[in-house]
Amino acid sequence: MDTKLTLKLNQKVIEKAKIFASDRKLSLSRLIENYLNSLTSDQPADEREISPFVKSLTSGVKIPADFDYKKDRADYLDNKYK
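## Quick word on the overall build of the protein
At step 1: Helix and strand counts for the protein come out as 4 helices and 0 strands.
At step 2: What you see in the protein, going N to C, is helices and strands ordered as α-α-α-α.
At step 3: Over its C-alpha trace the protein gives a radius of gyration of 21 Å, far above what one expects of a compact globule, namely 12 Å for 82 residues.
At step 4: Scored against the burial criterion, the 82 residues of the protein give a buried share of 4%.
At step 5: Entry remark: accessible area of the protein is about 8,400 Å², with carbon and sulfur atoms responsible for 56%.
At step 6: Once the 16 positive and 13 negative side-chain charges of the protein are each reduced to a mean point, those two points are 9 Å apart.

Have a look at this one:
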């Protein structure tokens with residue numbers, strides 16, 4: 001059963017969301033419904049399926065579990081400003 005919902009959103013956000021939905025051949029209502037459904041899903045986040053688009057964004061670089069990014073950044077800055 002569909003129910004009407006009224007939201008107050010920034011006009012620019014609405015315009016961009018309409019374009020986004022249109023590009024994917026979805027209505028804005030369906031887009032928002034899908035988003036809210038994903039937020040409130042009973043399935044744990046780590047078990048949700050990752051879309052092919054999101055998977056394509058990965059670089060494949062493996063970071064060691066004991067990597068200390070703060071030390072690495074400090075070393076980089078030390079070398080940069082010598």
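Moving on from the coordinates now.
## Notes on the pattern of salt bridges
At step 1: Under the defined criterion, the tally for this structure stands at 2 salt bridges.
At step 2: Notably, a salt bridge pairs arginine 30 with glutamate 33, separated by 2.5 Å at the nearest N-O pair. Placement of both arginine 30 and glutamate 33 in helix 2 (residues 28-39) is noted, with a separation of 3 residues, approximately one turn of the helix.
At step 3: Taking relative accessible area as the criterion, arginine 30 reaches 39% and is therefore assigned partly exposed.
At step 4: Across the salt bridge formed by lysine 71 and aspartate 75, the nearest N and O atoms sit 2.8 Å from each other. Residue lysine 71 and its partner aspartate 75 are both found in helix 4 (residues 69-80); the two are separated by 4 residues, about one turn of the helix.

## With respect to the packing of aromatic side chains
At step 1: Inspection of every chain in the model, using the stated rule, returns 0 aromatic pairs.
At step 2: Note that arginine 24 overlies the ring of phenylalanine 20, its terminal NZ or CZ placed 3.6 Å from the centroid.

## Looking at unusual backbone geometry
At step 1: Notably, lysine 25 is not glycine yet its phi reads approximately 55 degrees, a positive angle.
At step 2: Positionally, lysine 25 belongs in the loop between helix 1 (11-23) and helix 2.
At step 3: Taking the relative accessible area as the measure of exposure, lysine 25 reaches 77% and is therefore exposed.

## Some words on the confidence of the model for the protein
At step 1: Of all residues in the protein, 99% attain a pLDDT of 70 or more, and the chain-wide mean is 86.
At step 2: When mean pLDDT is compared element by element in the protein, helix 4 scores highest at 93, while helix 3 (residues 52-56) scores lowest at 74.

## Considering a nonpolar patch on the surface
At step 1: A grouping of Ile50, Phe53, Val54 and Leu57 is seen on the molecular surface, where their side chains present a nonpolar patch of about 420 Å² in accessible area.
At step 2: Relative to the helices and strands, isoleucine 50 resides in the loop between helix 2 and helix 3.
At step 3: Look at isoleucine 50 and you get partly exposed, because its relative accessible area is 45%.

## Structural notes on the layout of surface pockets
At step 1: In this structure, the largest pocket occupies an estimated 510 Å³ of space.
At step 2: In terms of residue count, helix 2 provides more of the lining of the largest pocket than any other element does, 6 residues in total.
At step 3: Partitioning the lining of the largest pocket into residue classes produces 9 nonpolar, 2 polar and 4 charged.

How each quantity is defined
Residues numbered from 1 in each chain as written. Predicted model: local features only at pLDDT ≥ 70, side-chain atom pairs only at ≥ 80, totals over all residues. Heavy atoms only, no water. Helix = DSSP H or I, 4+ residues; strand = E, 2+ residues; numbered from the N terminus. Rg over C-alpha atoms; globule rule 2.2 N^0.38 Å. Buried < 20%, exposed > 50% of the residue type's maximum accessible area, 1.4 Å probe, protein only. Areas by Shrake-Rupley, 256 points an atom, 1.4 Å probe, with all protein chains shown as cover. Lys, Arg positive; Asp, Glu negative; His and termini not counted. Charge placed at Lys NZ, Arg CZ, Asp CG, Glu CD. Salt bridge = Lys/Arg side-chain N within 4 Å of Asp/Glu carboxyl O. Phe/Tyr/Trp six-rings, centres within 6.5 Å; stacked < 30°, edge-to-face > 60°. Lys NZ or Arg CZ within 6 Å of the ring centre and 35° of its normal. pLDDT = per-residue confidence, 0-100. Patch = residues over 30% accessible without salt bridge, like charges linked within 9 Å, V, L, I, M, F, W, Y side chains within 5 Å. 1 Å grid on protein atoms, 1.4 Å probe; cavity = no way out; pocket = protein on both sides within 12 Å on 5 of 7 lines; lining within 4 Å. Points joined across faces, edges and corners; volume = space filled by probe spheres on them. Nonpolar A, V, L, I, M, F, W, Y, C, P; charged D, E, K, R; others polar.

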